[in-house]
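Commentary on secondary and tertiary structure
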Amino acid sequence: MTVHHSEPPPGSHLSSSRCPYGAASSATLPAYPLPIYGPEFSANPRATYAQLRTLGPIAPCEIAPGVHGYITTTYRSALYLLRNTPTLFAKDPAHWQALRNGQVPADSPARMMMQPSPNALWLDGDAHARLRGAITDSLAWIDTHALATAVARIANRLLDRVTALEHADLVSDFADPLPMQVLIEMFGCPPDLGRTIVLAIAQLFDTTQDAARVNAELEAACLALIRLKRHQPATDVTSWLVAHPARLSDAEMVQQILLVIGAGTTPSTNLIANSLLLLITDERFNGDVHTGVRPIADALDHALWEDPPISNYCPLYPRDHHTYEGVLLRPGAPILVSFAAANSDPALDQGSHRRSGNRAHLAFSAGIRACPAPDLARVIAEIAVEHVLDRLPDLTLACPQSDLVRRPGTFHSGWTSLPVSLPLTTTTAPHSYGGPR
Ligand code: HEM
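Read on for an overview of the structure. (Residues numbered from 1 in each chain as written. Predicted model: local features only at pLDDT ≥ 70, side-chain atom pairs only at ≥ 80, totals over all residues.)

With that out of the way, let us pick up the overall build of the chain. Helix and strand counts for the chain come out as 17 helices and eleven strands. Looking at the 437 residues of the chain, the share that counts as buried comes to 43%. Taking the intrachain contacts of the chain between residues at least 6 apart in sequence as the baseline, contacts between residues at least 24 apart amount to 73%. (Helix = DSSP H or I, 4+ residues; strand = E, 2+ residues; numbered from the N terminus. Buried ≥ 20, exposed ≤ 12 C-beta atoms within 10 Å, placed from the backbone. Contact = placed C-beta atoms within 7 Å.)

Rendered as structure tokens:
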């Protein structure tokens, strides 16, 4: 679908003669739905959220080039959608009219992130409950002490390489590989299968590769893992999924494993990188955490409020026409829940100094769709960040902060790289600063 910036796109509320936004003045309406992607958005997402907020608690937006929908702009509207799922809102993209009509470009990032898939993320009702139950029950078996030990070992291995360098990129050298290696271990992958899965997932983001071949290789590796665990169960998430009373088929197992790996890696990478940036650059944190006055968990909470790793997601579809705070909601168009706009909603009226230790943010979503693994995510990020601070004290950015570039796109919020200069005092063995962490 081509975007015509000079006129409202087909299907936009703006083509209607009646303003559906109640109190919002028509003078504040944009000439076309604001994009929530692209360099201008990425440079200052909050400015776009503030502009969208002037249009109402749920506002029209362009999700990706040529793909239109709506976005929640307040904490209250985000909770309204999340708490009324699945009664008033469906998650299943079968409700997405533009997709049904073939109007979503095949290579659109929106399609890749929002199209139907036979996993818990995209199903409603009993089908969702069954698959989500199998995932949450299996994740609940994880021993968080053993997880912390594994994260520490993986962090040390990555940092051993980093300490040999003069300059490093804490995204590509650390925050990016760490969560993937942790999850591969959580699923009990033997090294060869783990390498195949990691390589195939990396290749999926490489447009020069044949996506169909890579997907087939990825599924074959997951299947091999499942068959191995059906015959030789061990203490890992794959074995617990296999043994779950929901009795998942091999095909269902493959899809849920890929969902958990996909859902667990990029957001964890972003949380680690966003927290490290805060700790390196923000005076309120770097001094106090290094001297043990403030726990790392405070910095993580602050990052989860200020820069949630998944910024806009959970596309939901109104099941019927209805009105919310004067906004007419119609079936057929996706409404993204903006975790970032909710967290930065001025109506919350809480200064950023009150955010540490306050977990009312929506970074892990809420309701029956909430992330099933916030505690695991915190363990992974906290141990990872702790090891960077221990092994690389006195880190500084190797470029002005204003030169850092955000990951492009609508859905995730993180950094493409975090170049740092390494001080000569890097340590070879972890040491503790004492104090609470
Ligand atoms: C900082 C790290 C993380 C953040 C910020 C995060 C956030 C979220 C959010 C916002 C959702 C809802 C998405 C939606 O409804 O469209 C979600 C779902 C999910 N997350 Fe996480 N997550 C993180 C880490 C993890 C980890 C480590 C795992 C697994 C080990 C995980 C597994 C899942 C799964 C399986 C879902 C789908 C649940 C469902 O649809 O019922 N996440 N996560």
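Attention now goes to the sheet that holds strand S5 (residues 167-169). With antiparallel pairing, three strands are arranged side by side in an open sheet as S5-S11-S10. Either end of the sheet is taken by a strand with one partner, and the two such strands are S5 and strand S10 (396-397). (Pairing = 2+ DSSP bridges.)

In this structure, proline 86 follows threonine 85 across a cis peptide bond, with omega equal to 10°. Assignment of secondary structure puts proline 86 in the loop between helix H3 (75-83) and strand S4 (89-90). One non-glycine residue, glutamate 325, lies in positive phi territory at about 45°. By the secondary structure assignment, glutamate 325 is in the loop between strand S7 (322-324) and strand S8 (327-329). Look at aspartate 394: it is not a glycine, yet its phi comes out positive at around 60°. Tracing the backbone shows aspartate 394 in the loop between helix H17 (374-391) and S10.

If you check the shell around the ligand, you find 27 residues, and the closest are Ala263, Gly264, Pro267, Cys371 and Ala377. Only helix H6 (125-140), helix H13 (250-281), strand S6 (312-318) and H17 provide two or more residues apiece to the shell around the ligand. No other element matches H13, which puts seven residues into the shell around the ligand. Counted by class, the shell around the ligand contains 22 nonpolar, three polar and two charged residues. (Near = placed C-beta within 6 Å. Nonpolar A, V, L, I, M, F, W, Y, C, P; charged D, E, K, R; others polar.)

If you trace the six strands from one edge of the open sheet to the other, you get S1-S2-S3-S9-S6-S4, paired in mixed fashion. Two strands close off the open sheet at either side, each with one partner strand: strand S1 (34-35) and S4. Summarising the sheet, strand S2 (residues 58-64) and strand S3 (residues 67-72) pair through six bridges and their orientation is antiparallel. Looking across to S3, one finds that alanine 64 is bridged to valine 67.

Let us now look at the packing of helix H7 (residues 144-163) against helix H9 (residues 177-186). Running from N to C, H7 and H9 cross one another at 140°; their axes reach a closest spacing of 10 Å. As far as their axial angle goes, H9 and H7 are oblique. Viewed along their axes, H7 and H9 form a crossing whose handedness is right-handed. Every residue of H9 that contacts H7 at Ala150, Val151, Ile154, Ala155 and Leu158 is listed here: Pro177, Leu178, Gln181, Val182 and Glu185. Of the residues in the contact of H7 with H9, the class split is eight nonpolar, one polar and one charged. (Axes fitted to C-alpha atoms, helices over the stretch in contact; angles between N-to-C directions. Parallel < 35°, antiparallel > 145°, perpendicular 65-115°, else oblique. Left-handed = near helix turned anticlockwise from the far one by under 90°.)

We now examine the nonpolar core. In terms of nonpolar packing, the biggest core is built from 119 residues, with Leu170, Leu276 and Ala384 touching the most fellow members. Among all residues touching alanine 384, those that are not within four sequence positions of it are Val151, Ala155, Leu178 and Ile272. (Core = buried A, V, L, I, M, F, W, Y, C linked by C-beta atoms within 7 Å.)

Let us now look at the environment of proline 331. You can see proline 331 is positioned in the loop between S8 and strand S9 (335-338). With 13 residues separating them in the primary sequence, proline 331 and proline 318 have C-alpha atoms 4.8 Å apart. What proline 331 contacts, discounting residues up to four positions off in sequence, is His95, Tyr317, Pro318, Arg319, Asp320 and His321.

Moving on, we come to the pairing of S9. Side chains Ile335 and Val337 project from S9 onto one buried face, and the interleaved Leu336 and Ser338 project onto a second face that is buried too. Summarising the sheet, S3 and S9 pair through two bridges and their orientation is parallel. Paired with isoleucine 71 across the bridge in S9 is leucine 336. Sheet topology places S6 next to S9; three bridges connect them, and they run antiparallel. When the sheet's bridge partners are listed, leucine 316 is paired in S9 with isoleucine 335.

Another aspect to go through is H7. An ideal rise of 1.5 Å per residue puts 28 Å on 20 residues; H7 measures up with 27 Å between its terminal C-alpha atoms. Burial in H7 covers these residues: Val151, Ile154, Ala155, Leu158 and Leu159. Mapping the buried residues of H7 onto a view down its axis gives an arc of 135°, with all of them on the same face. Exposed side of H7, more than 90 degrees from the buried face: His145, Ala146, Thr149, Arg157 and Asp160 are the residues found there. For H7, the elements touching its buried residues are helix H8 (171-175), H9 and H17. (Expected span 1.5 Å × (residues − 1). Arc of directions from axis to C-beta.)

A word on the packing of helix H11 (residues 211-231) against H13. H13 packs onto H11 with a crossing angle of 110° between their chain directions and a minimal axis gap of 9 Å. Judged by the angle between their axes, H11 and H13 are roughly perpendicular. Here the hand of the crossing between H11 and H13 comes out right-handed. For the pair H11 and H13, contact is made by Glu219, Cys222, Leu223 and Ile226 and by Asp250, Met253, Val254, Ile257 and Leu258, respectively.

Counted residue by residue, S6 has six buried out of seven residues, so it is predominantly covered. Pairing analysis gives two bridges linking S4 to S6, with the strands arranged antiparallel. Paired with phenylalanine 89 across the strands is proline 318, a residue of S6.

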